[in-house]
Amino acid sequence: MFLDVSRNQQEKLEETGITLMLDALSKFTLTHLNSGVFLQEKIRSIAKQNEIIVGFDILRRETKDGESQYRVVAALDDKNINELEEDVAVRSYYDLVRVEAPHFKMETHADGRHQMVAYPILDNNRNIAGIIALDVSMARQDEIFAANIQKAYIMLFGVVILIGALLVRQAKVIDYAVLYKRLKEVDQMKDDFVGMAAHELRTPLTIIRGYTDILAGSKRLTKTDRQMTTNIEASSEHLNQMIGDILDVSRLQQGRLSFKMKSVQPKDVIHGIVESLKYTANKKGLELLYEAGETPAIKVDVDRLKQVLINIIGNAVKYTPEGSVTVTSYIEDIEKEMCVIRVSDTGIGISAEDKEKLFSRFYRVRSKETEEIRGTGLGLWITKEIVTQMQGKISVESIKGKGTDFVLSFPIFKDKGSQESAGK
Ligand code: ADP
C-alpha cells in the first residue's frame, strides 16, 4: 500500500516535471513550427539528456476540407518526419487535447508501461496550432518498484512470522495463567482442608488429654502405669502443639489472626517466658539467662509476643545440647527507634545454606544432631509472619557447631506517658 502511494506520488511529480518542460517547449515551438530541422535538433538534445523519453513527435495542425490533420514536423524517429497522421483514432485523440489540458495516458507495451503525453501548442488566439507527442518509458521506475515490492513482501513475511511466534507465546502465557489460577484454587482447597482437619482433631484430643489428666491423678497406678501415662501425656502435648501450629498457619494465610496492639513492657514478658522454660533447660543441664539492658516499651500484641518468644527461646533450648541460652534486650539504635530481643545459644548452629530456607513452611534441618528432635518446621514461619505483622523484624546469625543468635526487633512505643516508665 505504501509503495503504491509512493509510486503514484512519484508519477504525479513526473507528470508535473513533464508539463513544465512541455509548457516552455510549446511556446518556443510555435515560432518554429515551420522549421522542422531546427526542431528536430532540439528534440534530439532533449531526448539525449532524458533517456526515459523513447518517442518525441512535434505535429503541426493543418486543415483540409474542414477537418484537422496532423503532420509530423520533427520526430525522434527520422522516418516519421513529414508523415501525415493517418490514424483516425490518434487524430480524434489529438482533437480532444484541449487548450490548457495536456493528456496523460498510461499504456502497457511489450517492454513495460509507457506514459503517453499529448501537449497542445497554442497560437496567439489560443487555438491549437500543433501537438507535442511524448512517449516516456516507465520501465526503470517499474523495475525499482518491483524490487521494492519484493523487499516489502520479505519484510511482511518476517513480520507475520514474528507475530505468529508472539501469538504462540501469548497462548502459552494464557495457558500458564489458567494453570496458575487452578494451582491457587487447589492450594486454597488444601489450606482449607488442613485448617478444618486440624480443628476437628482438637476435640478428640482435648478429651484424650482430659482423661489422661484424671488417670495421672490416680493413686492406684503402678510404676509402669505411671510411665505409660506420662508417655501419653507427652505425645498428646506434642500433638496439641502440632495442631496449634497448623491452625496458626491456616489463620495467618487467611488473614484471620487478629492482633491487639498496645504498649507492652517486654522485660516482664521475657522474664515470664524465661522462667517458664527454665525447668526444661535445667533438666537438660543448660543455663538459661536473661540479661536486660535498657528496654523501652514496644507496641505489640502481648499474647503474640509470648508465642514468638516461646518458639525462639524454646528452639534455642531444643537445639542446644550443652552450654547456655542467653536472652538480652536493649535499644539497637536510637535513630531507628527499635528495641531488640536477642536469643543466643551455644547449640548446634545452622549452616549458611539452611539459613536461607529457615523461615519457609515445613523446613527442618536434616542432620545427625536434629534427627532425634521432634518438630513440624512451622514454628519459624509462623514466628516470622507474626513478627512482620507487628511491624517487627527477625533475623538469624549462626556458626555451625558454635551456636545461633535469633534477633528480634520491634518499634519502640512512642506515646509520651508510656515512655516515661520504659526501661525502669
Ligand atoms: P521445628 O518444629 O522443626 O523446631 P521451626 O520452624 O521452629 O520448626 O525451626 C525450623 C528448623 O530450624 C528446625 O528444624 C531446626 O533445624 C532449625 N532451628 C531453629 N532454631 C534453631 C536453633 N536455635 N539452633 C539450631 N537450629 C535451629
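Source: prediction; values computed, not measured.

J.: I'm lost on the overall build of the chain in this one. Help?
T.: From N to C terminus, the chain includes ten helices and twelve strands. The globule rule puts the C-alpha radius of gyration for 424 residues at 22 Å, and the 51 Å found for the chain is more than 25% above it. Taking the principal axes of its C-alpha atoms as reference, the chain extends roughly 155 × 50 × 40 Å. Sorting the 424 residues of the chain into buried and exposed places 37% on the buried side. For the chain, long-range pairs separated by at least 24 residues make up 63% of all intrachain contacts whose partners lie at least 6 apart in sequence. When the accessible surface of the chain is summed, it comes to about 26,300 Å², and 57% of that surface belongs to carbon and sulfur atoms.

J.: Explanation requested: the pattern of salt bridges in the structure shown.
T.: Side-chain pairing between opposite charges can occur once the charged atoms of the two side chains come close. Tallying each qualifying case throughout the model produces 18 salt bridges. In this structure, the salt-bridge partner of Glu-62 is Arg-60, at a minimum N-O distance of 3.1 Å. One salt bridge connects Asp-248 with Arg-251, and the closest N-O pair in it is separated by 3.1 Å. Taken together, the residues span about one helical turn, with Asp-248 and Arg-251 both in helix 5 (residues 223-253) at a distance of three residues.

J.: I tried to follow the site of the ligand on my own but got confused; where do I start?
T.: Within the structure, the ligand sits among 21 residues, and Asn-315, Tyr-319, Arg-364, Thr-376 and Leu-380 are positioned closest to it. At a separation of 2.8 Å, an oxygen atom of the ligand approaches a polar side-chain atom of Asn-315. A distance of 2.9 Å is found between a nitrogen atom of the ligand and a side-chain nitrogen or oxygen belonging to Asp-345. Considered on its own, the ligand offers 530 Å² of accessible surface; in the complex 98% of this is hidden by protein.

J.: Any chance you could explain a nonpolar patch on the surface here in plain terms?
T.: The grouping of Tyr-153, Leu-156 and Val-160 at the surface amounts to a nonpolar patch, some 340 Å² of accessible area in total. Tracing the backbone shows Leu-156 in helix 4 (residues 139-217).

J.: I keep staring at unusual backbone geometry and nothing clicks. Help me out?
T.: As a rule of thumb, non-glycine residues mostly have phi less than zero, and peptide bonds are mostly trans rather than cis. Positive phi, normally seen in glycine, also occurs at Phe-362, with a value near 65 degrees. Within the secondary structure layout, Phe-362 lies in the loop between helix 8 (352-357) and helix 9 (379-389). A relative accessible area of 54% places Phe-362 in the exposed class. Of note in this structure, Gln-391 is not a glycine but carries a positive phi near 65 degrees.

J.: Would you mind going over helix 9 with me for this structure?
T.: Turn by turn, an α-helix covers 3.6 residues, leaving residues three or four places apart pointing in a common direction. For helix 9, the complete set of buried residues consists of Gly-379, Leu-380, Trp-381, Ile-382, Thr-383, Ile-386 and Val-387. In this structure, the buried side of helix 9 is in contact with helix 5, helix 7 (302-318), strand 11 (393-399) and strand 12 (403-411). Phi for Gln-391, located one or two positions after helix 9, is positive at around 65 degrees.

J.: Can you walk me through the layout of surface pockets in this structure?
T.: In this approach, a probe sized like a water molecule rolls over the atoms, and the result shows the empty space that is left. The calculated volume of the second largest pocket comes to roughly 380 Å³. Lining the second largest pocket we find 21 residues, and of these Asp-57, Val-90, Tyr-94, Met-116 and Ala-133 sit closest to its centre. Elements with a minimum of two residues in the lining of the second largest pocket: strand 1 (53-64), helix 3 (88-96), strand 3 (103-109), strand 4 (112-122) and strand 5 (128-137). Tallied by class, residues from the lining of the second largest pocket come to twelve nonpolar, two polar and seven charged.

J.: How should the nonpolar core be read in this particular structure?
T.: Side chains of a nonpolar character, in soluble globular proteins, are inclined to be buried together. One finds Leu-305, Leu-309, Ile-313, Phe-406 and Phe-410 to be the most contacted residues of the largest nonpolar core, which totals 43 residues. For this core, the leading source of residues is helix 7, giving seven residues. If we skip the residues at most four places from it in the chain, Phe-406 touches Ile-312, Ile-341, Arg-342, Val-343, Ile-350, Leu-358, Phe-359, Leu-380, Ile-394, Ser-395 and Val-396. Counting 19 residues, the second largest nonpolar core, distinct from the first, contains Leu-39, Phe-56, Tyr-119 and Ile-121.

J.: Would you take a moment to explain the pairing of strand 10 (residues 338-345) for this structure?
T.: The two faces of the sheet receive side chains in turn, since in a regular strand these alternate between them. The element strand 10 is largely enclosed, with a buried count of eight among its eight residues. Residue alternation in strand 10 divides its side chains into two sets, Met-338, Val-340, Arg-342 and Ser-344 and Cys-339, Ile-341, Val-343 and Asp-345, and both sets are buried. Examined bridge by bridge, strand 10 and strand 12 share eight bridges and lie antiparallel to one another. Residue pairing in the sheet places Val-340 in a bridge with Ser-409 of strand 12.

J.: I keep staring at the packing of helix 6 (residues 266-283) against helix 7 and nothing clicks. Help me out?
T.: Pairs of packed helices are described in terms of their axes, by the angle between the two and the distance that separates them. Close contact between helix 6 and helix 7 brings their axes to 10 Å; oriented N to C, the two are set at 35 degrees. Two packed elements cross with a definite hand, and for helix 6 against helix 7 that hand is right-handed. Counted together, Val-269, Ile-270, Ile-273, Val-274, Leu-277 and Ala-281 of helix 6 and Val-302, Leu-305, Lys-306, Leu-309, Ile-310, Ile-313, Gly-314 and Val-317 of helix 7 form the full contact between these two elements. Across the contact of helix 6 with helix 7, the residue classes break down as twelve nonpolar, one polar and one charged.

J.: What's the story with the packing of aromatic side chains in this structure? I'm lost.
T.: What characterises a pair of aromatic rings is the spacing of the ring centres plus the angle enclosed by the ring planes. Per the stated rule, a full pass over the model turns up one aromatic pair. Centre to centre, the rings of Phe-28 and Phe-38 are 5.7 Å apart; their planes meet at 50 degrees, and the pair counts as tilted. With Phe-28 in helix 1 (residues 2-30) and Phe-38 in helix 2 (residues 36-49), this pair connects stretches of sequence that are ten residues apart. Sitting over the face of the ring of Trp-381, Arg-361 holds its NZ or CZ atom 5.7 Å from the ring centroid.

J.: Sorry, what's going on with the environment of Arg-91 here?
T.: Considering the arrangement of structural elements, one finds Arg-91 in helix 3. Through-space distance from the C-alpha of Arg-91 to that of Val-340 is 109 Å; in sequence the pair is 249 residues apart.

J.: Help me understand the sheet that holds strand 1 in this model?
T.: Adjacent strands of a sheet form backbone hydrogen bonds with each other and so pair up, either parallel or antiparallel. The antiparallel open sheet is built from five strands, whose spatial order is 2-1-5-4-3. Two strands bound the open sheet, and with one partner strand each, they are strand 2 (67-75) and strand 3. The mean inter-strand angle of the sheet, taken between neighbouring strand axes irrespective of direction, is 25 degrees. Relative to strand 4, strand 3 runs antiparallel, the two being bridged by seven bridges. Its bridge partner lying in strand 4, Met-106 is registered against Gln-115. Where helix 1 meets the sheet, it contacts strand 1, strand 3, strand 4 and strand 5, and its direction lies at approximately 35 degrees from that of strand 4. The sheet contacts of helix 2 involve strand 1 and strand 2, and relative to strand 2 the element is tilted by about 65 degrees.

Cut-offs applied
Residues numbered from 1 in each chain as written. Predicted model: local features only at pLDDT ≥ 70, side-chain atom pairs only at ≥ 80, totals over all residues. Heavy atoms only, no water. Helix = DSSP H or I, 4+ residues; strand = E, 2+ residues; numbered from the N terminus. Rg over C-alpha atoms; globule rule 2.2 N^0.38 Å. Buried < 20%, exposed > 50% of the residue type's maximum accessible area, 1.4 Å probe, protein only. Contact = heavy atoms within 4.5 Å. Areas by Shrake-Rupley, 256 points an atom, 1.4 Å probe, with all protein chains shown as cover. Salt bridge = Lys/Arg side-chain N within 4 Å of Asp/Glu carboxyl O. Near = heavy atom within 4 Å. Polar contact = N/O pair within 3.5 Å; in protein donor to acceptor, adjacent residues only side chain to side chain. Patch = residues over 30% accessible without salt bridge, like charges linked within 9 Å, V, L, I, M, F, W, Y side chains within 5 Å. 1 Å grid on protein atoms, 1.4 Å probe; cavity = no way out; pocket = protein on both sides within 12 Å on 5 of 7 lines; lining within 4 Å. Points joined across faces, edges and corners; volume = space filled by probe spheres on them. Nonpolar A, V, L, I, M, F, W, Y, C, P; charged D, E, K, R; others polar. Core = buried A, V, L, I, M, F, W, Y, C linked by side-chain atoms within 4.5 Å. Pairing = 2+ DSSP bridges. Axes fitted to C-alpha atoms, helices over the stretch in contact; angles between N-to-C directions. Left-handed = near helix turned anticlockwise from the far one by under 90°. Phe/Tyr/Trp six-rings, centres within 6.5 Å; stacked < 30°, edge-to-face > 60°. Lys NZ or Arg CZ within 6 Å of the ring centre and 35° of its normal.

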